[in-house]
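Okay, here's what each chain looks like letter by letter:
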Amino acid sequence: MRQTLVAGNWKMNGSQEANHQLLEGLKAGVGEGMKSKVAVCPPAIYIAQTAELLSGSSIAWGGQNLSPEASGAFTGEISADMLLDLNCEYVIVGHSERRALYGESDQLVAEKYRTAEQAGLTPILCVGELLGERESGDTEAVVARQLDAVIDLVGMQAISAGVIAYEPVWAIGTGKTASPEQAQAVHAFIRARLAEKDAAVAESMQILYGGSVKPGNAAELFSMPDIDGGLIGGASLDAESFLGICRAG
Ligand code: PEP
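Residues numbered from 1 in each chain as written. Predicted model: local features only at pLDDT ≥ 70, side-chain atom pairs only at ≥ 80, totals over all residues. Heavy atoms only, no water.

### Side note on the overall build of the protein
Note the threshold: To qualify as a helix, a DSSP run of H or I must reach at least 4 residues; to qualify as a strand, a run of E must reach at least 2; elements of each kind are numbered from the N terminus. Throughout, exposure labels follow a simple rule: accessible area from a 1.4 Å probe, protein chains only, divided by the maximum for the residue type, with under 20% read as buried, over 50% as exposed, and the rest as partly exposed. Contacts are assigned to residue pairs that have any heavy atoms within 4.5 Å of one another. Computed with a 1.4 Å probe, the accessible areas rest on the Shrake-Rupley method; for each residue, only the protein chains presented here act as cover. Lys and Arg are tallied as positive, Asp and Glu as negative. Neither His nor the chain termini are counted. To locate a charge, take atom NZ for lysine, CZ for arginine, CG for aspartate or CD for glutamate.
Helix and strand counts for the protein stand at 11 helices and eight strands. By its C-alpha atoms, the protein is 45 × 45 × 35 Å across when sized along the principal axes. Taken over 249 residues, the protein has a buried fraction of 53%. A separation of at least 24 residues holds for 73% of the contacts in the protein among residues at least 6 apart in sequence. Surface exposure of the protein reaches about 10800 Å², of which carbon and sulfur atoms provide 50%. The centroid of the 17 positive side-chain charges in the protein is displaced by 2 Å from the centroid of its 31 negative side-chain charges.

### Quick look at the nonpolar core
In plain terms, the rule: Put simply, buried Ala, Val, Leu, Ile, Met, Phe, Trp, Tyr and Cys residues joined by side-chain atoms within 4.5 Å make one nonpolar core.
Grouped together as the largest cluster of nonpolar side chains are 65 residues, with contacts concentrated most on Leu26, Ile159, Ile190, Leu194 and Tyr209. Per element, the largest residue contribution to this core is nine residues, and it comes from helix α7 (residues 139–159). When near neighbours in sequence (up to four residues on either side) are disregarded, Leu26 contacts Val40, Ile59, Ala239, Phe242 and Leu243. Listed in part, the 13 residues of the second largest apolar core include Leu5, Ala60, Ile124 and Ala165.

### Topic: the side chain of Asn19
As for its position among the elements, Asn19 is in helix α1 (residues 16–29). Apart from residues lying up to four places away in sequence, Asn19 is in contact with Trp10, Gly14, Tyr46 and Gln49.

### Here's the deal with the pattern of salt bridges
Going by this rule: We count a salt bridge whenever a side-chain nitrogen from Lys or Arg sits within 4 Å of a carboxyl oxygen from Asp or Glu.
If you walk through the whole model with that rule in mind, you get 13 salt bridges. One salt bridge in this structure joins Glu129 and Arg134, with 2.8 Å as the shortest N-O distance. According to the relative accessible area criterion, Glu129 is buried, its value standing at 0%. The exposure class assigned to Arg134 is partly exposed, which follows from its relative accessible area of 22%. Notably, a salt bridge pairs Asp226 with Arg191, separated by 2.5 Å at the nearest N-O pair. Residue Asp226 is found in the loop between α10 (215–222) and β8 (229–232), and its partner Arg191 is found in helix α8 (residues 180–197); the two are separated by 35 residues along the sequence. Take Asp226 and Arg191: they sit in the same class, and that class is buried. Among the charged side chains, a network of salt bridges with common partners joins Arg2, Arg191, Glu203, Asp226 and Asp228.

### Quick look at the layout of surface pockets
Rules: Using a grid of 1 Å spacing that covers the protein atoms alone, one calls a set of points a cavity when a 1.4 Å probe fits there but cannot get out, and a pocket when the set is open and has protein on both sides within 12 Å along at least five of seven lines; lining residues are those with an atom within 4 Å of a point. Grid points are joined across faces, edges and corners, and a volume is the space filled by probe spheres set on the points. Under the grouping applied here, Gly and all other residues not named as nonpolar or charged are polar, the nonpolar ones being Ala, Val, Leu, Ile, Met, Phe, Trp, Tyr, Cys and Pro and the charged ones Asp, Glu, Lys and Arg.
In this model, the largest pocket occupies a volume close to 600 Å³. Along its surface, the largest pocket is lined by 22 residues, and Lys11, Met12, Gln64, Asn65 and Arg98 are the ones closest to its centre. Ranked by residues supplied to the lining of the largest pocket, first place goes to helix α4 (residues 96–101) with three residues. Here the lining of the largest pocket is built from residues that sort into 11 nonpolar, seven polar and four charged. By volume, the second largest pocket is sized at about 240 Å³. Lining of the second largest pocket is provided by Met1, Arg2, Gln3, Thr4, Lys35, Phe222, Ser223, Met224, Pro225, Ile227, Asp228 and Gly249. Among the residues forming the lining of the second largest pocket, the class breakdown is five nonpolar, four polar and three charged.

Shown next, in the form of structure tokens:
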């Protein structure tokens with residue numbers, strides 16, 4: 001039985017004051033009767049504040065990105081060890097915004113995944129198709145290509161140490177959610193592809209859905225057999241909305 005995970009991706013949002021309010025709200029609301037594991041991924045500059053406020057709570061935290069390199073002359077980058085130094089459990093890799101806006105290739109995403117996993121972080125690997133790719137019937141080919149790049153580099157053992165997030169790019173921040181059936185179909189495809197290599201890993205893998213998840217649509221999405229929670233952008237910035245999604249898990 002896979003546990004549900006609901007992870008918030010704050011993207012480039014927040015301030016010390018807003019974060020304080022949000023995290024205190026989450027701490028007050030998370031707990032009794034909530035089956036999902038809950039995590040937040042603030043901007044890197046606020047991870048220390050997040051760690052201080054969440055330490056001792058049941059809420060985990062993580063980074064939104066990391067360097068594939070260990071240390072050295074890489075101005076502006078953040079290493080796996082730095083994330084671990086602030087007790088991060090998770091790190092998002094291959095978010096569609098990083099692929100589209102910062103030119104991250106499948107190969108670079110795979111290298112980041114490898115660095116994170118080898119350091120002992122739990123990478124959340126994002127995969128998903130653009131609207132045009134869905135419309136031309138290429139969803140499975142795109143998702144398979146993104147997934148295979150990581151499997152080929154790290155192997156199934158390392159894959160099993162991470163989490164996959166299926167995030168159709170056309171549903172991210174647009175208010176357009178994939179229907180539970182559309183999402184389930186791709187989740188089942190991902191699980192079947194993993195099962196071709198290792199059935200036990202496929203069965204235990206958490207596969208999250210991301211793309212305009214809200215309290216009102218979360219329960220239906222999370223009730224699908226291959227959807228094991230969500231990666232939440234906009235709705236993770238409001239404590240009540242995020243908690244509403246967490247309760248749906
Ligand atoms: C995301 O950025 O990963 C995401 C799913 O965003 P949103 O929930 O705002 O669509």
